[in-house]
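Chains, contacts and geometry: an overview
So the chains spell out like this:
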Amino acid sequence: MKRIFRVKGKPYFTIGAQVRNSSSLSREIMEKNWQAAEKIGLDTLAASVHWSTLEPEEGRFDYSQVQMLLDGAKAHGKHLILLWFGAWKNGTSQYAPTWVKTQTDRFLRSETVVHQKLMALSPHCEENFQAEKLAYEAFIRYLKENDPEGIVIGVQAENEVGQMGAPRDYSQAGEAVYRANVPKEVAEWAGKGPGSWEEIFGDDGAEFCTAYAFATYINRLAQAGKQIFDLPVYTNVWLGEMYNRVPGIDYPSGGGVTKVLDLWKAFTPALDGICPDIYFTDADTYNQVCSGYAREDNPLYIPETGSSSLSAVNTVHGIVTHGLTGVHCFGVEHMVDEQGNIREGSKEYCHLVQILQNARPLLEKYQGTKQLYEVVQYEGCGSKYYDFGDFIGRVVFTDGLGDEYFSGAREYMDAAHTGDDCYKVRGKGFIIYEGNGCFYLAGEV
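Criteria and thresholds
- All residue numbers refer to positions counted from 1 along the written sequence of the respective chain.
- Selection of residues for local features in this predicted model requires a pLDDT of at least 70, selection of side-chain atom pairs for listing and counting requires 80 or more, and totals for whole chains, interfaces and linings are taken over all residues.
- Based on all heavy atoms of the structure, the side-chain values leave hydrogens and waters out of the count.
- Each helix is a run of DSSP H or I of at least 4 residues and each strand a run of E of at least 2, with the numbering of both proceeding from the N terminus.
- The reference for a compact globule is 2.2 Å times residues^0.38; the radius of gyration itself is calculated from the C-alpha atoms.
- The buried label goes to any residue with under 20% of its type's maximum accessible area, the exposed label to any with over 50%, and the partly exposed label to all in between, with areas taken from a 1.4 Å probe on protein chains only.
- The protein chains shown are the only cover counted for residues, whose accessible areas, like all others here, come from Shrake-Rupley with a 1.4 Å probe.
- In this tally, Lys and Arg are treated as positive and Asp and Glu as negative; His is ignored, and so are the chain termini.
- In plain terms, the charge of a residue is placed at NZ if it is Lys, CZ if Arg, CG if Asp and CD if Glu.
- Grouping buried Ala, Val, Leu, Ile, Met, Phe, Trp, Tyr and Cys residues that are joined through side-chain atoms within 4.5 Å yields what is termed a nonpolar core.
- The contact definition used throughout considers only heavy atoms, calling two residues in contact when any of these lie within 4.5 Å.
- Paired strands are those between which DSSP finds at least two bridges.
- For helices, the fitted line uses only the C-alpha atoms of the stretch in contact; every axis is such a line through C-alpha atoms, and the angle between N-to-C directions lies from 0 to 180 degrees.
- Note on definitions: salt bridges are taken to be side-chain nitrogens of Lys or Arg within 4 Å of carboxyl oxygens of Asp or Glu.
- Every angle not falling under 35 degrees, over 145, or within 65 to 115 is termed oblique; those three ranges are roughly parallel, roughly antiparallel and roughly perpendicular.
- Under the scheme applied, nonpolar residues are Ala, Val, Leu, Ile, Met, Phe, Trp, Tyr, Cys and Pro; charged residues are Asp, Glu, Lys and Arg; polar residues are all the others, including Gly.

1. Thoughts on the overall build of the protein chain
Helix and strand counts for the protein chain come out as 13 helices and 17 strands. Computed over the C-alpha atoms, the radius of gyration of the protein chain is 23 Å, within 12% of the 22 Å expected from 2.2 N^0.38 for a compact globule of 445 residues. Taking the principal axes of the C-alpha coordinates as reference, the protein chain spans close to 75 × 50 × 35 Å. Taken over 445 residues, the protein chain has a buried fraction of 58%. Surface accessibility of the protein chain: about 18800 Å² in total, with carbon and sulfur atoms responsible for 49%. With 41 positive and 59 negative side-chain charges, the protein chain shows a spacing of 3 Å between the two charge centroids.

Shown next as structure tokens:
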């Protein structure tokens, strides 16, 4: 299967977590994160690098945050994914340096329809791009020169890119772009003749215009970095399926949401993936999102998810049904208490981590084949039937989750597994059938 990340030249399924947004500023907090990662059994941590910290004054670079993260990963034997918090983070520009945020005549911001400046840099401003490009290139160059062991397996360009507060940029620069005909390459991609954004994309013209601006900006940034050091680069997405689904209000307008994903894929050849952050736990929406992003030209990787029992079940489903190639739950430091013990609400997700780590060789071998089967338990599911061709099978879950017919499921268990801890879990795991009666089972039911 095609994967985004590689370790020692081989495709790699990363089983990790992301630290909280500003945790990577503190060596003390990061040490707790590394210890939590060891306790849980994670192989990778994702941590942010901030433009404001890297370049506190224009042209003066401070690499101490980057080096601290490299040192921590090496000391604890973990892989590292670095999240570049540059011009945009969650639809705003809070991690841009102060010298950028205060020079509003030079570094233009997007504006609302009544010309209020947003806390988001404009993707239409070349001065914004050139300033960030110099910092990003310095960051990537430092990795090339200071990570000979390949600790860093990938870089995330920005974080949940786009702008909050308006569907497009109404500044003078933004208006000029929106009122002009769409670029020729966009019209050709859309299969249309010359026309404005509204003429070609109708009511979605504002979002498509904004998406093209952000996509081409991010692609140029990723391309500049890859010319220095060819690390995998992806960007993550605040999903358009959130809340009332209004761009710029319920999610950042311009990001690679499903509505504009085809456009993003067409104009971001330098990106190795456009990856959804999925916090939804209902199966229908999870399936809808995974189906949208799992494409031949876009390996499915989830940079952020929750650490609940349903997140664990959905991850199993994602691996088997959608070809999920890696997953990171968010906020590893909150999965353990002050004594370093795993919190009750995260225990089942931590069980999944153990299942994935132990089954990794089989998953890497059989993922994407018809020999890999999922064991997933949603509400009201007491058992599942399987047809393996020359065998049939059934999984009976020890917690019926409301299925009264299977409420006595404990009678199927052997005498060594009758305690409460053995059946108060949501069923999750894998069945691998090699053929000729040879089965492998990994999970908990």
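Here the narrative resumes, following the displayed structure.
2. Some words on the nonpolar core
Counting residues in each nonpolar core, the largest one holds 119 residues, and the members touching the most others are Phe139 and Trp264. The element best represented in this core is helix 9 (residues 205-226), accounting for eleven residues. Those residues in contact with Trp264 that lie beyond four places of it in its chain are Val161, Ala211, Phe214, Ala215, Ile218, Thr235, Gly254, Gly255, Gly256, Leu271 and Ile274. With 13 residues, the next largest nonpolar core counts Val7, Tyr12, Ala46 and Ile153 among its residues.

3. Quick word on the pairing of strand 5 (residues 79-89)
For strand 5, the tally of buried residues reaches eleven of eleven residues, placing the bulk of the element in the interior. Here six bridges tie strand 5 to strand 8 (residues 152-159), and the two strands are oriented parallel to one another. Counterpart to Leu82 in the pairing with strand 8 is Val155.

4. Regarding the sheet that holds strand 16 (residues 428-435)
Picture the strands of a sheet paired through backbone hydrogen bonds; they go either parallel or antiparallel. Strands sit in the order 13-16-17 across an open sheet of three strands; the sheet is antiparallel. One side of each edge strand has no neighbouring strand; the edge strands of this open sheet are strand 13 (372-376) and strand 17 (438-444). The mean inter-strand angle of the sheet, taken between neighbouring strand axes irrespective of direction, is 15°. Pairing geometry for strand 16 and strand 17, over seven bridges, is antiparallel. Residue pairing in the sheet places Ile432 in a bridge with Tyr440 of strand 17. The strands touched by helix 12 (residues 309-321) are strand 13 and strand 16; relative to strand 13, the strand with the most contacts, the crossing angle is about 160°.

5. Description of the pattern of salt bridges
Note on pairing: side chains with opposite charge can pair once their charged atoms come close. Counted by the stated rule, this structure contains 22 salt bridges. Residue Arg360 is joined to Asp43 by a salt bridge in which the shortest nitrogen-to-oxygen separation is 2.5 Å. Placement of Arg360 in helix 13 (residues 347-366) and of Asp43 in the loop between helix 1 (27-40) and strand 4 (44-50) is noted, with a sequence separation of 317 residues between them. Comparing Arg360 with Asp43 shows no difference in burial state: the two are buried. Put simply, Glu57 and Arg60 hold a salt bridge, and the shortest N to O gap is 3.5 Å. The network of salt bridges with common partners includes Asp43, Arg360 and Glu364.

6. A short note on the sheet that holds strand 5
Across the sheet, eight strands lie side by side as 10-9-8-5-4-3-12-11; this open sheet has parallel pairing. The strands lining the two open edges of the sheet, one partner per strand, are strand 10 (273-277) and strand 11 (302-305). Looking at each pair of strands side by side, their axes are set apart by 30° on average, direction ignored.

7. Brief notes about the environment of Cys350
The topology assignment puts Cys350 in helix 13. Classification of Cys350 by relative accessible area gives buried; the value is 1%. Residues Cys350 and Val425, 75 residues apart in the sequence, show an inter-C-alpha distance of 12 Å.

8. Side note on the packing of helix 12 against helix 13
At a closest axis distance of 7 Å, the pairing of helix 12 and helix 13 adopts a crossing angle of 30°. It follows that helix 12 is roughly parallel to helix 13 by the angle criterion. Here helix 12 contributes Ser309, Ser311, Ala312, Thr315, Val316 and Ile319 to the contact with helix 13, which in turn contributes Glu348, Tyr349, Leu352 and Leu356. Classifying every residue of the contact of helix 12 with helix 13 by side-chain character gives six nonpolar, three polar and one charged.

Just distances and angles here, no functional claims.
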